[in-house]
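Working through the structure, step by step
If you want the building blocks of each chain, they are given just below.
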Amino acid sequence: MEQPRPGVCTDLPLLTRYSDNPILSGHDWPYAVNSVFNPGAVLLPDGDTLLLCRVEDRSGLSHLCAARSKNGINGWRIDPRPTLMANPRDYPEEIWGIEDPRITYVPELEQYAVAYTSFARGGPGVSLALTKDFRSFERFGVIMQPEDKDAALLSRRINGYWAMIHRPMTTTGAHMWISYSPDLRHWGSHKVILVARRGGWWDANKIGLCSPPIETPKGWLTIYHGVRVTASGSIYRLGLALFDLEHPETCLQRGNSWIFGPDAPYERVGDVHDVVFPCGQTIGADGDTINLYYGAADSSIALATGSIRCLLTWLDANSSAGDGTEQ
Ligand code: BMA
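First, a word on scope: everything that follows refers to the structure included in this document. Everything numeric in this text was worked out from a predicted model, so none of it was measured.

Describing the pattern of salt bridges
- This structure, assessed with the given rule, holds 18 salt bridges.
- Note that R54 is salt-bridged to E99, the shortest N-O span being 3.3 Å. Here R54, found in strand β4 (residues 49–56), pairs with E99, found in strand β7 (residues 98–106); they are 45 residues apart in sequence, far enough to count as distant.
- Two residues, R68 and D79, come together in a salt bridge whose shortest N-O distance is 3.1 Å. With R68 in strand β5 (residues 62–69) and D79 in the loop between β6 (77–78) and β7, the pair connects residues that are eleven residues apart, well separated along the chain. D79 shares its class with R68; the two are buried.
- Ionic contacts of the salt-bridge type, sharing partners, join the residues D48, K70 and R77 into one network.

Pasting the structure below:
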């Protein structure tokens, strides 16, 4: 793997691609699929990395399937069958499949919360499930009605309430919101936390949360995607924002450029060209290394590594102050 340059945090690149990317593709799957991409990620208590991958089968619909590895890079042990399938009989909002899981470990519940996109005639919505082991799941059904996606739970309550970041579509564009709940089922106090910029910006008109925000002493470090619409299609790139620890609706910093975008051939060409789309990360034993797992061109799964300290240092030097809702 290329090594990040120690001490140099103010220059791009902040994330270094693993040299043998992509690390997983449909060819690795134990059953017939079209493609695998956009995985949620978590470090298990036994030290294994678990990726909960979006798998698009050959009907065109997606389900979720777990892959486990000792080093988070190779030697993946993939569930022989889908781990979490759409269940449209009990959850009609999943009739066209389930996609893009974000996993948050919640110490208070001693469970993982999986927020995922459920897809049906009304459009994409946000569904939630809890699991202890990624074998059985307690489903909560739709918690944010269509059209909404790109959701993750924060790992702890804020002032007594659970907090969920998500991305509803509105008439003014696709912006990031936060909502609060006493019980994970009933959600309110909805607030915009980061707006899509306008005009020629890389993140104009449409943004969304990538992986679950990382709690740092300076705030919730958040990687988000921005969509630039061009004459030859959309480009999905990544940016950084920092939100207040106890008032996460307050944006403290927002990067003034993107930090990672499609460049390698497997990111530029695939079922959907020019897409990098992380849904999860793991943090190394040093508490600083971030292993970001992302879908590449909606066709495979790749890994890029960086330093949380560097991401925060870069934000200090390259952000516009304050309000994410006033761009
Ligand atoms: C988004 C989501 C992602 C996908 C991306 C690019 O809207 O549907 O799952 O990776 O588009 O196609």
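Picking up where we left off.
Side note on unusual backbone geometry
- Each neighbour pair has its own omega, and for N21 with P22 the value is -10°, a cis peptide bond.
- Residue placement: P22 occurs in the loop between β1 (16–17) and β2 (24–25).
- Omega for the peptide link from P146 to E147 comes to 0°, which places this bond in the cis form.
- Structurally, the position occupied by E147 is in the loop between β10 (137–144) and β11 (148–153).
- Unlike most non-glycine residues, D274 shows phi in positive territory, near 60°.
- You can see D274 is positioned in the loop between α1 (265–268) and β21 (276–283).

Some thoughts on the environment of A317
- Tracing the chain through its elements places A317 in helix α2 (residues 308–317).
- With 308 residues separating them along the chain, A317 and C9 place their C-alpha atoms 9.5 Å apart.

Basis of the calculations
Residues numbered from 1 in each chain as written. Predicted model: local features only at pLDDT ≥ 70, side-chain atom pairs only at ≥ 80, totals over all residues. Heavy atoms only, no water. Salt bridge = Lys/Arg side-chain N within 4 Å of Asp/Glu carboxyl O. Helix = DSSP H or I, 4+ residues; strand = E, 2+ residues; numbered from the N terminus. Buried < 20%, exposed > 50% of the residue type's maximum accessible area, 1.4 Å probe, protein only.

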